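A look at the structure
Listed here are the chains, written in short residue letters.
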Amino acid sequence: MRIRTLKYLLPLLAGMFILVLSLGSDKKEEEVQFVRPKGWPKPVYDLSKNKPTINGFKLGRKLFFDPILSRDGSTSCASCHTQWSAFTHVDHGLSHGINGLKGKRNSLTLFNLAWNKSFMWDGGINNLEVQPLGPITNPVEMDNTLENVVKKLDTAKGYRARFFLAFGDSGITGQRVLKAIAQFTVMFESFNSKYDKYVREEPGGEMTEQELHGLKLFRKNCASCHKEPLFTNYAFENVGLAVDTELKDYGRMAITHDPDDSLKFKVPSLRNVAMSYPYLHDGRFRTIRQVLDHYTDGIIQSPTLAKEFRKPMILTDQDKTDLIEFLKTLSDKDFLFDIRFRDWRD
Amino acid sequence: MKLQSFKVCYIVFLVLILAPVSSFGKTIPLNRGWITVIIDPVFNGEPLKMADQLYVNEHGDTIYIDLFRFYITNMRLSSESTTVSDTVSHLVDAEDEASATFHINNVPAGSYTSLQFTVGVDSITNTSGANGGDLDPAKGMYWVWNSGYIMAKLEGHSRVCKTLHHAFEFHIGGYMPPFNAARLVNVKLSHPVVVLNGCNTIVRLKADVAAWFKGNLDLSKLNSVVIPGKEANIIADNYAQMFSVE
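Residues numbered from 1 in each chain as written. Chains lettered and ligands numbered in written order. Predicted model: local features only at pLDDT ≥ 70, side-chain atom pairs only at ≥ 80, totals over all residues. Heavy atoms only, no water.

A few words on the overall build of chain B. Helix and strand content of chain B: three helices and 15 strands. Scored against the burial criterion, the 246 residues of chain B give a buried share of 48%. By sequence separation, contacts in chain B at least 24 residues apart represent 71% of the contacts at least 6 residues apart. When the accessible surface of chain B is summed, it comes to about 12400 Å², and 57% of that surface belongs to carbon and sulfur atoms. (Helix = DSSP H or I, 4+ residues; strand = E, 2+ residues; numbered from the N terminus. Buried < 20%, exposed > 50% of the residue type's maximum accessible area, 1.4 Å probe, protein only. Contact = heavy atoms within 4.5 Å. Areas by Shrake-Rupley, 256 points an atom, 1.4 Å probe, with all protein chains shown as cover.)

Shown next as structure tokens:
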């Protein structure tokens, strides 16, 4: 009796085992597991309130790539945030959206967003989940309203079922649209560059002499603002740029109304910076070297100028080359080519 | 109304007597009732009519009201021994009667002498991302470029406003000190709110739009406030005074 049961049970178990294994490997590319890398600070975003699940992530991905979010169906999030440039609007000084209208600012890179204390160049947006409201409602970006997006999604093919899978309820609400997009974007994590491997003493992390010299210069001149491991301290600083007379963008001051915040912009992370040209809040420089030339020779004095730039920063041409070589080690191919973040049209 | 609540009590009384017979062993919370708070939008005490009803504000300008909405958060009543509350944020819209009714259930019978709530949304909720229900950003009470809830909105028009369509708009919000526009309101109760076992006690409040124009607010000078700041704070101080018991 016992042997007979086993005889049936064994192949069955083996079959199930193989099935589970194959399912497992199938799912590999769809794993959504948020990671807090060793030694990194605690994320600011409260993941426990919106834990990414496969279905929430996939819904967020669909929304990110779907121009349905814009009033005339022309512009998606991905129009201005392409993966291979670390999700910025590559080659566009001022990002443009619907009808080709130009915005006021250069697009930002998107990764490690769970650590952001605030969003946008002026920090005006206070939580990852409400950030998409910015582009959705901006007349020069998507020019829509959240009410309208909810209505459109409600009648669009396939969305109700996806909301059901993601939230256990097919009701589409503004809250769920925003939570789903956050489940997708919070998974953009970048922590596997050559620099990271160097710090973790892993294979692939061997730095050249030149890169190491660049790192040394970086820690001396730059790390107070572009702080490791995230390469930003999330503060707002005035780096002595001339005010663009047409845009008249005074940055952080528009949010706080505090004259001490005049001309201050968010310190951007320098991870993947080699991929994300053009640079600065208005995209005025095409190369990292131009940024460095500004730091050494172009600083314009003003009352709110960062203390680091009050006396001249001295870097030789060779120093700049070495710094740039170091910054290139911050490019993270695992992130830039992660197939989970592509448009799956699923 | 008195008669009605008497009837309710009578039925509840019967139920209480019969209940033990029909359901052995089930516990019934004794000595509890509930409270319904209803907020009526008014102008100078009279029921508010939108759009084509003409009103005169403190400054003496003739005005029309087109939109009136505000959040009420954490409504609570206290007796000597206890406090009951409804911690949810509700969006009251003058054009939607149902939005102005609140229920606080499971209230210990007693005599409640204080009624408090916040007009607006607390600062934690302002930074906690995409909320649902009445706090869903799709409700149009959320600022996009400088995140945070619009605590209260009043829109209308007046000949004295030299603006497009003579419109005035007050979108009042801000949660970061010193420009926090949420206001804690203590409503003066002329007599205590008495809650009896098994009974619903109704409390009716007036929300008087005229209060927004206190301090001789001059619409020809101040007719658009749509960001946090000093002006928003002045108007928030005004709307904090708009509530009274009927």
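Accessible area lost when the parts come together is the quantity often used to give the size of an interface. Residues and elements named next belong to chain A. One can read the domain layout of chain A as domain 1 (2–190) and domain 2 (194–330). In this complex, domain 1 contributes 29 residues to the contact, which on the side of domain 2 involves 27 residues. Approximately 2400 Å² of surface area, both sides summed, lies buried where domain 1 meets domain 2, with 58% of it carried by carbon and sulfur atoms. For the interface between domain 1 and domain 2, the tally reads one salt bridge. Across the pair R105 and D249 runs a salt bridge, and its minimum N-O distance is 2.6 Å. Our enumeration of links across domain 1 and domain 2 arrives at ten residue pairs in polar contact (both at pLDDT 80 or more). (Domains from an automatic or database assignment. Buried area = accessible area lost by both parts, 1.4 Å probe. Salt bridge = Lys/Arg side-chain N within 4 Å of Asp/Glu carboxyl O. Polar contact = N/O pair within 3.5 Å; in protein donor to acceptor, adjacent residues only side chain to side chain.)

Next up on the list: the interface of chain B and chain A. Counting residues at the interface gives 19 residues for chain B, matched by 21 residues for chain A. Here chain B and chain A share an interface that buries about 1600 Å² over both sides, 56% of which is from carbon and sulfur atoms. Its largest share of buried area at the contact with chain A, chain B owes to B:A130, B:V144 and B:W145, together 37% of the area lost on that side. At the boundary of chain B and chain A, one finds zero salt bridges. Across the contact surface, chain B and chain A share ten residue pairs in polar contact (both at pLDDT 80 or more). For the side of chain B that touches chain A, the class distribution of residues is nine nonpolar, nine polar and one charged. (Nonpolar A, V, L, I, M, F, W, Y, C, P; charged D, E, K, R; others polar.)

Let us now look at the side chain of B:D208. Residue and element names in this part refer to chain B. Relative to the helices and strands, D208 is located in strand 13 (residues 200–208). Despite its burial, D208 remains without a salt bridge, the nearest opposite charge being carried by K206 at 7.0 Å. At 3.1 Å, the side chain of D208 and the backbone nitrogen of G45 are in polar contact. Contact partners of D208, with chain neighbours within four places excluded, come to V42, F43, N44, G45 and M242. (Lys, Arg positive; Asp, Glu negative; His and termini not counted.)

Our next topic: the packing of aromatic side chains. Residue and element names in this part refer to chain A. Across all of its chains, the model carries 35 aromatic pairs over all chains by this definition. Measuring from centroid to centroid gives 6.3 Å for F57 and F341, while their planes differ by 50°, and the two rings are tilted. Of the two residues, F57 sits in helix 2 (residues 54–65) while F341 sits in the segment after helix 13 (333–336), which places them 284 residues apart along the sequence. F57 sits in the buried class, given a relative accessible area of 1%. Assessed through its relative accessible area of 1%, F341 is described here as buried. Through successive ring pairs, a cluster of aromatic residues spans F57, F64, F65, F87, F111, F184, F188, F335 and F341. Its end group placed over the ring of Y159, K62 keeps NZ or CZ at 5.4 Å from the ring centre. Directly above the ring of F236 sits R252, whose terminal nitrogen or CZ lies 4.3 Å from the centroid. (Phe/Tyr/Trp six-rings, centres within 6.5 Å; stacked < 30°, edge-to-face > 60°. Lys NZ or Arg CZ within 6 Å of the ring centre and 35° of its normal.)

Let us now look at the nonpolar core. Counting 120 residues, the largest nonpolar core has B:F70, B:F170, B:W212, B:F213, B:Y239 and B:F243 as its most contacted members. At eight residues, the largest contribution of residues to this core is made by strand 4 (residues 62–79) of chain B. Setting aside chain neighbours within four positions, we find B:F243 in contact with B:I39, B:F70, B:I72, B:F117, B:V119, B:V185, B:V187, B:K206 and B:A207. A:F309, A:L315, A:L327 and A:L330 belong to the second largest nonpolar core, which has 29 residues in total. (Core = buried A, V, L, I, M, F, W, Y, C linked by side-chain atoms within 4.5 Å.)

A word on the confidence of the model for chain A. Residues and elements named next belong to chain A. For chain A, per-residue confidence averages 88 on the pLDDT scale, and 87% of positions sit at 70 or higher. Mean pLDDT across the elements of chain A bottoms out in helix 1 (residues 2–27) (48) and peaks in strand 1 (residues 236–237) (98). Contacts for the low-pLDDT stretch residues 15–29, under 50 throughout, to residues beyond four places or in other chains number three contacts. (pLDDT = per-residue confidence, 0-100.)

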